[in-house]
Amino acid sequence: MSTAQLRAAALAEALSWRGTPYQHQASLKGAGCDCLGLVRGVWRALYGAEPETPPPYTPDWAEMRGEETLLAAAERWLVPVAVQDAQAGDVLLFRMAPQGPCKHAAIQSGPDRMVHAYWGRAVVESRLVPWWRARLAAAFAFPMTSVVF
């Protein structure tokens, strides 16, 4: 499988989660997920078992701890990509506050689009508007090893 095929598979899986209700700490297509749960679900579709189990977390975990937990996990398992070079199928991480840790994740679906679990609603595809672009902190590709597809 090529990098382009892997990105296409990741995007197709992310898009298949659209409409999944937002549910904090969940990761079950059609039943519920949060932004991390969406990325975890895409990982499982591509590779099978997840490489690590995330610890329990509260909605304000990033602010309370002030640690880069989400970014550190992405750096352990995904391949860094320059933000400006991110493509459809890549994982995007966002800082909700300028000096805060990364707290939100999405899958890029086009040059100005992303798929993400929208808090209080569902998994949606939305525009990557300037508000989101200003908060975009990191981008990652899924790794080429052990792809199940």
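Residues numbered from 1 in each chain as written. Predicted model: local features only at pLDDT ≥ 70, side-chain atom pairs only at ≥ 80, totals over all residues. Heavy atoms only, no water.

Trainee: Talk me through the packing of helix H1 (residues 3-16) against helix H2 (residues 35-47); I want residue IDs and the actual numbers.
Mentor: The interhelical angle for the contact between H1 and H2, taken along N-to-C directions, is 130°, at an axis separation of 9 Å. Classified by the angle their axes make, H1 and H2 are oblique. The way H1 lies across H2 gives a crossing that is right-handed. Facing H1, whose interface residues are Leu6, Ala9, Ala10, Glu13 and Ala14, H2 presents Leu38, Gly41, Val42, Ala45, Leu46 and Tyr47. (Axes fitted to C-alpha atoms, helices over the stretch in contact; angles between N-to-C directions. Helix = DSSP H or I, 4+ residues; strand = E, 2+ residues; numbered from the N terminus. Parallel < 35°, antiparallel > 145°, perpendicular 65-115°, else oblique. Left-handed = near helix turned anticlockwise from the far one by under 90°. Contact = heavy atoms within 4.5 Å.)

Trainee: Go over the pairing of strand E6 (residues 113-117) with me, naming the residues and quoting the values.
Mentor: Where burial is concerned, most of E6 is hidden: 4 out of the 5 residues are buried. Pairing geometry for strand E5 (residues 102-110) and E6, over 3 bridges, is antiparallel. Looking at the pairing, Gly110 lines up with Arg113 of E6. Connecting E5 to the next strand, E6, in antiparallel fashion are 2 residues. As judged from the 5 bridges shared by E6 and strand E7 (residues 123-127), these two strands associate in the antiparallel manner. (Buried < 20%, exposed > 50% of the residue type's maximum accessible area, 1.4 Å probe, protein only. Pairing = 2+ DSSP bridges.)

Trainee: So what's going on with the pattern of salt bridges? Which residues, and what values?
Mentor: Evaluated as defined, the whole model comprises 9 salt bridges. One salt bridge in this structure joins Glu52 and Arg76, with 2.8 Å as the shortest N-O distance. Placement of the pair is Glu52 in the loop between H2 and helix H3 (61-65) and Arg76 in helix H4 (residues 69-77), with a sequence separation of 24 residues. Judged by relative accessible area, which is 47%, Arg76 ranks as partly exposed. Glu125 is the salt-bridge partner of Arg113, the closest N and O atoms lying 3.5 Å from each other. One end of the pair, Arg113, is in strand E6; the other, Glu125, is in strand E7, and 12 residues separate them in sequence. (Salt bridge = Lys/Arg side-chain N within 4 Å of Asp/Glu carboxyl O.)

Don't take any of this as a statement about function, it's just geometry.
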